[in-house]
Every structure is written in structure tokens, then in C-alpha cells.
Amino acid sequence: MAKKGSTPPLIIVTGLSGAGKSQALKVLEDFSYFCVDNLPTVLVAQFLDTLERSSMTRFNKVALGIDIRTHAFLEWMPQMLEILRQRGRECKILFLDAKEDILLRRFSETRHKHPFSGKSLIEAIRSEKKQMQPLKEVAHQVIDTTDLTLGELKEAVSIFLGVSHESEMHLAVVSFGFKYGLPGDADLVWDVRFLPNPNYIAALKPLDGLDAKVSRYVFAQPKAAPFAKNLLKMLRDLLPYYIHEGKSYLTVGIGCTGGRHRSVAIAHNLSDMLRDAGYTIREFHRDVHKT
């Protein structure tokens, strides 16, 4: 049995059909939550038992998508919450809502069937809304998605979770050589061929940009440190805008001629500075071993 406070709260994502529950679960996945949609409520306790016996840390944060599609959902919900309380498992309910005209438009555009398909669409929406009202009233957070973009939904979920915006952006920094082509997944690319090339110095040619001698040479150039400082500032200024638009992953490419010296040194330095600033960084040097 889990002790209260030993694990993050279980997040139950629910709400009206078409209000954005699936998108909210995707947002939670971006926050490293293990998400399961439409799990029968009678299996929740058994499911949590299985996760608690697992030693994998990826199961520490769990979110369940449960709504009116699940059989006996409304009848089982109070019992399920009581079971969680007895187990000492904190639970938070996130309820997604939207106006009738928006729900009508979303169902019309996607051509998805409403769970209450035996009725007209407007009748189905109103019937579900009435049945879900008691759950909405006890929800810890209600998010009205009527006018929200994906980025704004992500911001609302991040506030609900109490996480920082910087921690949700996953950055990749990749060095490369222009003579081997641009990285296919690069969102932003900078060219550092304006710096003197260590390849023409005999003692440095066999080394790469991760070697301290090459790095010292690169950053001894008058233009290197100011460039790195300005690049860091530019990225930190831009990242909140990318996050606001719903982007969770950004790849920054740093290129030089062969991808062994200058780009590697600059990319490694940039990665270290971004880590120090609190970002999650994946660092790659695509062409460092090519000759």
C-alpha cells in the first residue's frame, strides 16, 4: 500500500466528450506522466497495485482518462475515490469542459460519434452535461477549452500540476558538419564557420571539440564567447514563445565545415549553459567521428 505523500497524486482526467480529454492526456505525457485512457474503474485498484510493485520510476506519475464511455463510470467513481483514500493515495480530478456550440462543431468536424449516440447530438451533449455535473462540482480543477489553443491548454495544465514552464521544454543540441548535410530534425540552425578552424592546426587536427585543448582554442577567439552568450540569451528569450504555442521538443543545430571541432565545442558549451539554466538537454555530436 502506498503511503500518502510517497508518490505524486494520481491524476484523473475526465469531463465532457469532445472537450479535450485526449489532448490533456497528451499534455500530461509531455510532463512525463504515464497515461492510460478509458480504464474500467473496477480495475483501477488492481492497476495501481501493479504499478506500485514495479521498480520503474516512469510509473511514479500516473494519469487516468476516465469518462462517460466507461461502463458504470458515475456509479463507480465515488467507490473508486474511497478505495484510493483508504490506500493513502492522493487523487486529483481534472475536468475538461466546453460550450455547447463548440462541442457541436468539434463533433461535426471530426465525425466522431457521441457516447450517447441514440439521441440527437445536442440532446446527447446536454444529457451528458447533466450527468457529469456532480463530478464537475467536486473536481479540483475545471478547464474550459472553448477558446483555448493547444499551447494555452498546456499552460493551464502546467498551472494545475504546479510545474515550471522551463522544465517542460525538452531541448536537443546537435553539432554537425555542413559537408554532410543539415540535420533533418533541426528546428534552429547556427553556422559557426566564422571562427578559425582548428583543423588547420597540426596538434589539434586529430582531436575533437570535446577535448579541452580544442575547446580552449575555440573560446580563445574574440568572437566565440560573445556569440555563445548571445545565443544563450536568444534561446532563453524564444523558448517561452515555443512553449506557449504547445511545442515540447526543440532541436538546435550548430554547424561547422566537418562537424568535429568548432561546432562540437560550441554545442557542448551551449548544452552546459542550458543545463545550468534548468533545462533538460539531450546533446548529440553527429559527425564528430567522421574524417
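Fair warning: this is a prediction, and the values are worked out from it, not measured in the lab.

Caption draft 1: Layout of the overall build of the protein chain. If you tally the helices and strands in the protein chain, you get 10 helices and 9 strands. Compactness check: the protein chain gives a C-alpha radius of gyration of 25 Å against a globular reference of 19 Å for 291 residues, more than 25% above the reference. Reported as C-alpha extents along the three principal axes, the dimensions of the protein chain are approximately 75 × 45 × 30 Å. Each of the 291 residues in the protein chain was classed as buried or not, and the buried ones make up 45%. Within the protein chain, residue pairs in contact and separated by at least 24 positions form 79% of the contacts whose partners lie at least 6 positions apart. Carbon and sulfur atoms make up 53% of the accessible area of the protein chain, which amounts to about 15200 Å² in all.

Caption draft 2: Spatial organisation of the packing of helix H8 (residues 212-220) against helix H10 (residues 262-276). Remark: H8 packs on H10, axes separated minimally by 9 Å, with the N-to-C direction vectors making an angle of 85°. By the angle between their axes, H8 is roughly perpendicular relative to H10. Of H10, the residues touching H8 (which contributes Ser215, Val218 and Phe219) are Arg262, Ala265, Ile266 and Asn269. Of the residues in the contact of H8 with H10, the class split is 4 nonpolar, 2 polar and 1 charged.

Caption draft 3: Layout of empty space enclosed by the protein. Applying the stated criterion across every chain, the model contains 1 cavity of 30 Å³ or more. In this structure, the largest cavity is lined by Leu16, Phe95, Asp97, Lys129, Met132, Gln133 and Lys136. Mapped onto the lining of the largest cavity, the elements with two or more residues apiece are strand E4 (91-97) and helix H5 (121-138). No other element matches H5, which puts 4 residues into the lining of the largest cavity. Grouping the amino acids of the lining of the largest cavity by side-chain chemistry returns 3 nonpolar, 1 polar and 3 charged.

Caption draft 4: Molecular detail of the confidence of the model for the protein chain. Of all residues in the protein chain, 92% have pLDDT values of 70 or greater, and the mean over the chain is 85. Below pLDDT 50 for its whole length, residues 1-5 participates in 8 contacts with residues either more than four positions away or in separate chains.

Caption draft 5: Quick look at the environment of Phe116. Tracing the backbone through its elements, the reader meets Phe116 in the loop between helix H4 (100-110) and H5. Put simply, Phe116 and Val218 are 102 residues apart on the chain and 66 Å apart in space, counted from C-alpha to C-alpha. The residues contacting Phe116, other than those within four sequence positions of it, are Ile68, Ala124, Ser127, Glu128 and Gln131.

Caption draft 6: Seen up close, the state of the cysteines. Evaluation of the coordinates by the stated rule reveals 0 disulfides. Between Cys35, a cysteine without a disulfide, and Cys91, which holds the nearest cysteine sulfur, the sulfur-to-sulfur distance is 14 Å.

Caption draft 7: Broad picture of the layout of surface pockets. By volume, the largest pocket amounts to about 450 Å³. Lining of the largest pocket is provided by 19 residues; of these, Ser17, Gly18, Ala19, Ser22 and His112 occupy positions nearest its centre. Mapped onto the lining of the largest pocket, the elements with two or more residues apiece are helix H1 (21-30) and H4. Quantified by volume, the second largest pocket comes out at close to 230 Å³. If you trace the second largest pocket, you find 15 residues lining it, with Lys179, Asn199, Gly258, Arg260 and His261 closest to the centre.

Caption draft 8: Spatial organisation of the packing of aromatic side chains. In the structure shown here, the tally under the stated rule is 3 aromatic pairs. With centroids separated by 4.9 Å and ring planes inclined at 65°, the aromatic side chains of Phe176 and Phe178 adopt a geometry described as edge-to-face. With a relative accessible area of 0%, Phe176 lands in the buried category. Here Phe194 and Phe227 contribute two aromatic rings whose centre-to-centre distance is 5.2 Å and whose plane-to-plane angle is 65°, an arrangement assigned as edge-to-face. Of the two residues, Phe194 is situated in the loop between strand E7 (188-191) and H8 and Phe227 in helix H9 (residues 224-244); the sequence distance between them amounts to 33 residues.

Caption draft 9: Layout of the nonpolar core. Membership of the largest hydrophobic core comes to 47 residues, with the highest contact counts inside it found for Leu28, Phe47, Leu64 and Val157. The greatest single-element share of this core, amounting to 5 residues, is contributed by E4. Setting aside residues no more than four positions away along its own chain, Val157 makes contact with Val27, Leu28, Phe31, Leu94 and Ile143. Counting residues in each nonpolar core, the second largest holds 27 residues, with Val214, Leu231, Ile254 and Ala277 among its members.

Rules behind the numbers
- Residues numbered from 1 in each chain as written.
- Predicted model: local features only at pLDDT ≥ 70, side-chain atom pairs only at ≥ 80, totals over all residues.
- Heavy atoms only, no water.
- Helix = DSSP H or I, 4+ residues; strand = E, 2+ residues; numbered from the N terminus.
- Rg over C-alpha atoms; globule rule 2.2 N^0.38 Å.
- Buried < 20%, exposed > 50% of the residue type's maximum accessible area, 1.4 Å probe, protein only.
- Contact = heavy atoms within 4.5 Å.
- Areas by Shrake-Rupley, 256 points an atom, 1.4 Å probe, with all protein chains shown as cover.
- Axes fitted to C-alpha atoms, helices over the stretch in contact; angles between N-to-C directions.
- Parallel < 35°, antiparallel > 145°, perpendicular 65-115°, else oblique.
- Nonpolar A, V, L, I, M, F, W, Y, C, P; charged D, E, K, R; others polar.
- 1 Å grid on protein atoms, 1.4 Å probe; cavity = no way out; pocket = protein on both sides within 12 Å on 5 of 7 lines; lining within 4 Å.
- Points joined across faces, edges and corners; volume = space filled by probe spheres on them.
- pLDDT = per-residue confidence, 0-100.
- Disulfide = S-S within 2.5 Å.
- Phe/Tyr/Trp six-rings, centres within 6.5 Å; stacked < 30°, edge-to-face > 60°.
- Core = buried A, V, L, I, M, F, W, Y, C linked by side-chain atoms within 4.5 Å.

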